[in-house]
Amino acid sequence: MRKSVVSALAVVVMVGVAVPAQAAEPKVRLKCGKSGFTGWVEIYGRSGSDGFGGIAPLARITQVRYKIKKPADGRTERNDVTVDYVPAPDTRHLLARSGDAARADNSWHKLNPEFTMTKTRHPVFEVEFIFNTSGKDPRCRDSQRL
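Criteria and cut-off values
Residues numbered from 1 in each chain as written. Predicted model: local features only at pLDDT ≥ 70, side-chain atom pairs only at ≥ 80, totals over all residues. Heavy atoms only, no water. Phe/Tyr/Trp six-rings, centres within 6.5 Å; stacked < 30°, edge-to-face > 60°. Lys NZ or Arg CZ within 6 Å of the ring centre and 35° of its normal. Helix = DSSP H or I, 4+ residues; strand = E, 2+ residues; numbered from the N terminus. Buried < 20%, exposed > 50% of the residue type's maximum accessible area, 1.4 Å probe, protein only. Contact = heavy atoms within 4.5 Å. Polar contact = N/O pair within 3.5 Å; in protein donor to acceptor, adjacent residues only side chain to side chain.

Draft legend 1. View of the packing of aromatic side chains. Evaluation of the coordinates by the stated rule reveals four aromatic pairs. Centre to centre, the rings of Phe 129 and Phe 131 are 5.6 Å apart; their planes meet at 10°, and the pair counts as stacked. Grouped by ring-pair contacts, the aromatic residues Phe 37, Phe 129 and Phe 131 constitute a single cluster. Above the face of the Trp 108 ring, Arg 65 is positioned so that its terminal group lies 4.0 Å from the ring centre. The aromatic ring of Trp 40 is capped on one face by Lys 67, whose charged end is 4.8 Å from the ring centroid.

Draft legend 2. Region of the structure containing the environment of Thr 82. For Thr 82, the location among the structural elements is in strand S4 (residues 80-88). Since its relative accessible area comes to 15%, Thr 82 is described here as buried. C-alpha of Thr 82 to C-alpha of Arg 97: the two residues are 15 residues apart in sequence and 4.4 Å apart in space. Those residues in contact with Thr 82, other than ones at most four positions away along the chain, are Leu 94, Ala 96, Arg 97, Glu 126, Val 127 and Glu 128. A distance of 3.3 Å separates polar atoms of two side chains, one belonging to Thr 82 and the other to Arg 97.

Draft legend 3. Geometry of the environment of Asp 142. Mapped onto the elements of the fold, Asp 142 is located in strand S8 (residues 139-145). Given a relative accessible area of 26%, Asp 142 falls into the partly exposed group. Separated by 103 residues in sequence, Asp 142 and Gly 39 have C-alpha atoms that sit 9.8 Å apart. Every residue in contact with Asp 142, bar those within four places of it in the chain, is listed here: Leu 30, Lys 31, Cys 32, Phe 125, Glu 126 and Val 127. A distance of 2.9 Å separates a polar side-chain atom of Asp 142 from the backbone nitrogen of Lys 31.

Interpretation note: all reported values are geometric properties and have no functional meaning in isolation.
Right under this line is the structure:
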C-alpha cells in the first residue's frame, strides 16, 4: 500500500510539472499605422470592484507594453508612444509614455504605468504613436472602450 501511495503522488507531481502555465490575455489591444509604420499596445489587468458597488471590466492594471514595426527605410530609435486613460469624456489621465525612447524593432517592450487602479466602469484607453522619420513625423491614434 505504501508503494502505491508514493507512485500516485509521483504521478500527480509529474502531471503538475508537465502542464504549462496559461499566458494571461490582454484586456485591451490597440493598433494603428501610418507611413509604413505599425504600432501595437496591450494593456493587461484584472477585474475587480469598480468603486461603485459593481465589478469593473478592468480594475487593476498589471502591465502595459508596446511594439512598433517600421518600414524598410524607417528609423528604429526616437519613436514616441503615449497611452491615456479616459474615465469620462472631459477627463484624461496619462497611463504610460515612452518619451522619445520607443524602439521600432518589432519586439515587445514594457511601459511603466503611472497608476495601476481604474475607477470607472467603462473607461476608454487611447494610444498615440509618433513615428520618427527624417521629415515630418507621422502620427496615428486608436482607442478602445471597455
